[in-house]
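Structural characterization, general
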Amino acid sequence: MMWLDVEVETSGDDVRIAARGSRGERPAPHKLAPELGIDALTTLASKVGRAVRARKELEPAALDLAQAIHAEIVKGELRDILARMTDPSRPRGEDPRDNRLLVRLYIQDRALMAVPWEALCKPGTSEGFWGTDPHMLVARGVSSSDPWAPREVTGAVRVLAIAPGSSEQALLGLREALAPSIEAGEVEWLDPIAGTDISPRILYDKLRRGRTPHIIHWLGHGGVDVRGRPSLRVADDEDGEEAWITAEAFARELGAHFYEELRLVILEACEGAKAGMFGSAADILARAGADAVVAHLWPVTADVARACSREIYRSLTAAGAEGDIGASVAAARRTLLAQSAEAFSPVLYLRSSASVIFNFARRKVASASGKRRAGALAPALQALLERPPYTLVICDADEDRSALKEEISTFLEENDDRPDPSAPLSAITQRCVLRFGEEVLHSLFQQAISGPSQERPPLIDALGGLVPPGVHITLLWRPYLEHAIADRQPGRTIYAIQSSLVSNNAKPRIVKRAAGATGWRMEPTMPKRFDVDNDIVVLRMYGGYSPEQRPIFSQPVLTEDDHINGLLGVRPPQWLEELLARPRIQPGLFLWLSVLDWRNRLLLRWLYDQRPSPKDSLAILRPAADPREPEIWDSGGGLPGAARVAAIAEDPAALARAIEAFAREAPRR
């Protein structure tokens, strides 16, 4: 994309114009004529503002002034350079984006940020406005030392709406505007941060705990505090007084998201917001790391805001779109221009020399309402598998628990004890220990579950080929996961650590399958460090059988006391705390865990040290799960820190086939 940077500097009443182009052009700077300087620019802002508020077209006097200022800015060498860059007869590239010119305005005087430069009109035309030209995209430039690259998006573009205070009506309007895009699977509507309780503390907490969006859409009021700082209004405080946060504080909070997937912030003023203030706030957000910020210079009516949002998102995120925010804002202005001067309210701030902020080269979009294509992965799971690292946590639901329960129940009945057949396994094993002791229970366990079965569950086998380096957790008594990884990833070094939750002081048993080797060997001592960037460490938290050819039995976690004392009794030893450091900060893939099972909730509290699980974590449930369980996961009910976790129900056999197909396609992605 070609670009032309135009610098607007002021000195007293003088306005100086300087420029430089992407091909090394550097025309001589010039000053605007006094009669078309600061006063004229301020008058233009006033005239356009009146037309916006009245929802009318620009008056002839305003149009004449816009043409005169345009002619004064684009003159001499700058006019010639602009003519060459936009000449329709010049050689064209194959990519249509290469044929567009991006004009970035660098405005030094904050007062001039409120000027609608996008309303400057080419002399001799009545609609040749800078802001609506499809071949010349206009944006406000921002100086930044941070690197820039378009964010790759392989599925739906995630949008997070923030509407503090009483902006529910505006929130409904935005949701309605995005409905077609959401229905088409082009946009994913994240749970909004909205309501009368959104204080700064609650806002920041929700931002830290939620999934990182690609776009944040702010609906609210803007203003300036007593120290002259651009600010955004949140919900009123407990005394009913207005509460505000500075744009700088908000930008600082978003800083971590800018380094992840957040690329665009849209500031939409509610009616009553102070004109021009969102422009200053947008400049601050862009300087802080946003690739692009769209702001409104004036509050617009609900229907206009809805139409503007609909066009921006449709043009930016539709299937086959280019991810070009400059072209999207220009398209929205052209749509609004057919109605009134409200087309000049939205302005764009850009941090880069290109307006393409999303890379959709490998994107696949699936309709939100339609059924998933047979054999395809759920988008949330595919996104996790495509962007490791993540931590796999496998529940014990696939063990032959019924055989063990029957073995113990039969033993109890033969000894004049009839346990409740509907009681969970942990309660029956607890009863057995209380009456007959641990040795009897462990003997019954080994009779029912005699070493590792050779028939691994197909789903664990499929996941074994995709498990990334790092630390993973299995609650299975048999070493299914370790064997699957060893078979599917022969070039990877694997450690299996038989950690004891029952006895915190017991020495862990460590076995290693070195890269390229076929057998497992016991490690006599704990390695000084694990290379978790290249090796795989499997923590066997519930005991059972080790993965050697002649497996070693270790005390399993079976009874209620085992679960309670093992997970809540004492803190994990230092070596285990060090290994858990990464799983506590990267997404978890929870296979067959149930938030309705107290043992699983206990495990998550132990694993994350009573903190929320990392964002983008995903729970895979069995089809027979309670239909309300996904809602409970998503609401954070019963989870540490009320963490919100996405949950999907999948048939194990069908999911195994889908993962195998995904793994075959992975090298070609």
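Please refer to the structure placed before this passage.
Since we're looking at a predicted model, the values are computed, not measured. (Residues numbered from 1 in each chain as written. Predicted model: local features only at pLDDT ≥ 70, side-chain atom pairs only at ≥ 80, totals over all residues. Heavy atoms only, no water.)

Now for the overall build of the chain. Counting its secondary structure elements, the chain contains 20 helices and 28 strands. When the backbone C-alpha atoms are referred to their principal axes, the chain occupies close to 105 × 60 × 45 Å. Relative to its 669 residues, the chain shows a buried fraction of 55%. In the chain, 75% of the contacts between residues at least 6 apart in sequence involve partners at least 24 apart. When the accessible surface of the chain is summed, it comes to about 29,100 Å², and 48% of that surface belongs to carbon and sulfur atoms. Here the chain carries 82 positive and 91 negative side-chain charges, and the mean point of each set is 4 Å from the other. (Helix = DSSP H or I, 4+ residues; strand = E, 2+ residues; numbered from the N terminus. Buried < 20%, exposed > 50% of the residue type's maximum accessible area, 1.4 Å probe, protein only. Contact = heavy atoms within 4.5 Å. Areas by Shrake-Rupley, 256 points an atom, 1.4 Å probe, with all protein chains shown as cover. Lys, Arg positive; Asp, Glu negative; His and termini not counted. Charge placed at Lys NZ, Arg CZ, Asp CG, Glu CD.)

Let us now look at a negative patch on the surface. A surface patch of negative charge is lined by Asp237, Glu238, Asp239 and Glu241. Mapped onto the elements of the fold, Asp239 is located in the loop between β12 (230-234) and β13 (243-246). The exposure class of Asp239 is exposed, given its relative accessible area of 68%. (Patch = residues over 30% accessible without salt bridge, like charges linked within 9 Å, V, L, I, M, F, W, Y side chains within 5 Å. Salt bridge = Lys/Arg side-chain N within 4 Å of Asp/Glu carboxyl O.)

Within strand β20 (residues 494-498), five of the five residues are buried, which leaves it mostly tucked inside the rest of the structure. Taking every second residue as pointing to the same face, both faces of β20 are buried, with Ile494, Ala496 and Gln498 on one and Tyr495 and Ile497 on the other. Of the pairings in the sheet, the one linking β20 to strand β21 (residues 509-513) comprises five bridges and is antiparallel in character. The residue bridging Ile494 from the neighbouring strand is Arg513, located in β21. Here β20 runs beside strand β23 (residues 536-540); their pairing, made up of five bridges, is parallel. Note on β23: the bridge partner recorded for Ile494 is Ile536. (Pairing = 2+ DSSP bridges.)

What follows deals with the sheet that holds strand β19 (residues 470-474). Strand order in this open sheet of nine strands is β22-β21-β20-β23-β19-β18-β26-β27-β28, and the pairing throughout is mixed. Two strands bound the open sheet, and with one partner strand each, they are β22 (521-523) and β28 (646-649). The average undirected angle you get between the axes of adjacent strands in this sheet is 20°. The pairing of strand β18 (residues 391-394) with β19 spans two bridges and is classified as parallel. (Axes fitted to C-alpha atoms, helices over the stretch in contact; angles between N-to-C directions.)

Below, the discussion takes up unusual backbone geometry. Cis geometry is adopted by the peptide bond preceding Pro389, which originates at Pro388 and carries an omega value of 15°. With respect to the element layout, Pro389 can be found in the loop between α10 (379-386) and β18. You will see that Arg55, though not glycine, has its phi angle at about 60°, which is positive. A positive phi angle is found at Asp609, which is not glycine, with a value near 55°.

Geometry only, nothing functional implied.
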